[in-house]
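Results of the structural survey
Chain residues, written in single-letter form:
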Amino acid sequence: QVQLVESGGGLVQPGGSLRLSCAASGLIFSNYRMKWYRQAPGKERELVAVITGTGGFTNYADFVKGRFTISRDNAKNTVYLQMNSLKPEDTAVYYCNTNNGRSYWGQGTQVTVSS
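What this report covers is the structure whose coordinates are included nearby. (Residues numbered from 1 in each chain as written. Predicted model: local features only at pLDDT ≥ 70, side-chain atom pairs only at ≥ 80, totals over all residues. Heavy atoms only, no water.)

Turning our attention to the nonpolar core. Formed by 31 residues in total, the largest nonpolar core has its most connected members in Trp36, Leu81, Met83 and Tyr94. If you list the elements that add at least two residues to this core, you get strand S3 (18-25), strand S4 (34-39), strand S5 (46-51), strand S7 (68-73), strand S8 (78-83), strand S9 (92-99) and strand S11 (109-113). Per element, the largest residue contribution to this core is four residues, and it comes from S3. The residues contacting Leu81, other than those within four sequence positions of it, are Leu18, Arg19, Leu20, Trp36, Val48, Ala49, Phe68, Thr69, Ile70 and Tyr94. (Core = buried A, V, L, I, M, F, W, Y, C linked by side-chain atoms within 4.5 Å. Buried < 20%, exposed > 50% of the residue type's maximum accessible area, 1.4 Å probe, protein only. Helix = DSSP H or I, 4+ residues; strand = E, 2+ residues; numbered from the N terminus. Contact = heavy atoms within 4.5 Å.)

In structure tokens:
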């Protein structure tokens, strides 16, 4: 059974940084493309970043390009999202996701950017 567990969220001031982690189990991790999404109150869930199984290719939403970095450690079955230069509009619950015909989600981790 695939399980995804996010951690690393919290309260940070504008301009600050956070690193989110998503630990995966129940799958051959290196075979799976991993994604980070986010959902702000009253808004649709939106894709933030994607990384291929080997980590050789990444892609980002325009609103985080140059500020966020997705990476993975296949030896630890973990995907990361390094978030720098955070803005209040980055406030959201962040989720990791993968898909093998069925979509799997973690429980999410809250990120709040506020002074």
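Back to the text.
One pass over the structure, following the stated rule, counts four salt bridges. With a shortest N-O distance of 2.9 Å, Asp90 and Arg38 are connected by a salt bridge. Of this pair, Asp90 sits in the loop between S8 and S9 while Arg38 sits in strand S4; the two residues are 52 residues apart in sequence, bridging distant segments of the chain. Both residues of the pair, Asp90 and Arg38, belong to the buried class. Its salt-bridge partner being Asp62, residue Lys65 comes within 3.2 Å of it at the nearest N-O pair. By relative accessible area, which is 65% here, Asp62 ends up exposed. It is possible to trace a salt-bridge network through shared partners that takes in Arg38, Glu46, Arg67 and Asp90. (Salt bridge = Lys/Arg side-chain N within 4 Å of Asp/Glu carboxyl O.)

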